[in-house]
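The residues making up each chain are set out below.
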Amino acid sequence: MTRPDAPACDRADAESDAKAEAGALAELVRACPGVAGLSGGPFGTVATYLRGERVTGVSADGDVVEVAIVATLERPLPETAEDVRQAVWKLAGGRPVNVRIDDVVEES
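The rules behind these values
- Residues numbered from 1 in each chain as written.
- Predicted model: local features only at pLDDT ≥ 70, side-chain atom pairs only at ≥ 80, totals over all residues.
- Heavy atoms only, no water.
- Helix = DSSP H or I, 4+ residues; strand = E, 2+ residues; numbered from the N terminus.
- Buried < 20%, exposed > 50% of the residue type's maximum accessible area, 1.4 Å probe, protein only.
- Contact = heavy atoms within 4.5 Å.
- Core = buried A, V, L, I, M, F, W, Y, C linked by side-chain atoms within 4.5 Å.
- Expected span 1.5 Å × (residues − 1).
- Arc of directions from axis to C-beta.
- Pairing = 2+ DSSP bridges.
- Right-handed = clockwise from strand over helix to strand, strands pointing away.
- Patch = residues over 30% accessible without salt bridge, like charges linked within 9 Å, V, L, I, M, F, W, Y side chains within 5 Å.
- Areas by Shrake-Rupley, 256 points an atom, 1.4 Å probe, with all protein chains shown as cover.
- Salt bridge = Lys/Arg side-chain N within 4 Å of Asp/Glu carboxyl O.

Caption draft 1: Summary view of the overall build of the chain. Scanning the chain for helices and strands turns up two helices and six strands. When the helices and strands of the chain are read in sequence order from the N terminus, they spell out α-β-β-β-β-β-α-β. Considering the chain as a whole, with its 108 residues, one finds that 35% of them fall into the buried category. Excluding contacts between residues fewer than 6 apart, the proportion of contacts in the chain whose partners are at least 24 apart in sequence is 64%.

Caption draft 2: Quick look at the nonpolar core. One finds V29, L38, V65, V67, I69 and V84 to be the most contacted residues of the largest nonpolar core, which totals 21 residues. Contributions of two or more residues to this core are made by α1 (8-30), β1 (35-38), β5 (65-72), α2 (77-89) and β6 (97-105). Sequence-distant contacts of I69, defined by excluding residues within four places in its chain, comprise V29, V35, G37, L38, S39, T80, V84, R100, I101, D102 and D103.

Caption draft 3: Representation of α2. Over its 13 residues, α2 runs 18 Å from end to end, which matches the ideal 18 Å to within 8%, given 1.5 Å per residue. Along α2, the residues classified as buried are T80, A81, V84 and V88. Buried residues of α2 fall within an arc of 95 degrees about the axis and therefore sit on the same side. For α2, the exposed residues lying more than 90 degrees away from the buried face are P78 and W89.

Caption draft 4: The arrangement of the pairing of β6 in detail. Sheet analysis places β5 next to β6, joined by eight bridges and oriented parallel. Paired with V70 across the two strands is D103, which belongs to β6. After leaving β5, the chain enters α2 and then returns to the sheet as β6, a path that is right-handed.

Caption draft 5: A nonpolar patch on the surface, seen in detail. Taken together, the side chains of L73, I101 and V104 define a hydrophobic patch exposed on the protein surface, amounting to about 230 Å² of accessible area. Relative to the elements of secondary structure, L73 occurs in the loop between β5 and α2. Residue L73 is classed as exposed on the basis of its relative accessible area, which comes to 56%.

Caption draft 6: View of the environment of V55. Relative to the assigned elements, V55 resides in strand β3 (residues 53-56). Along the primary structure V55 and A22 are separated by 33 residues, whereas in three dimensions their C-alpha atoms are 6.5 Å apart. When residues no more than four places from it in sequence are discounted, the contact partners of V55 are A22, A26, V46, A47, T48 and L50.

Caption draft 7: Spotlight on the environment of G62. On the secondary structure map, G62 appears in the loop between β4 (58-59) and β5. Residues G62 and R95, 33 residues apart in the sequence, show an inter-C-alpha distance of 8.7 Å.

Here it is, written out as structure tokens:
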């Protein structure tokens, strides 16, 4: 995270990096078997907030990566959650990855 008093170019670079990271994490999660989509949580708080936009379902702007998903019933939920955790582990950069299942649907 950049300091508020950092030069504008540094802040822009950091925001671009955060957007790329959150987008890449979201793509990896959506590609996992048993994932129907991403969820923002009951109040829409699971997100990476960027200037003028946000990436819902992935919070990757702190010391922990949090992912909230909508799962399908095609496989056991713990397996789906573990696959999501493993999929994003490399991009998490050593941060713990918390996966929560906010909803379950029959079909993806």
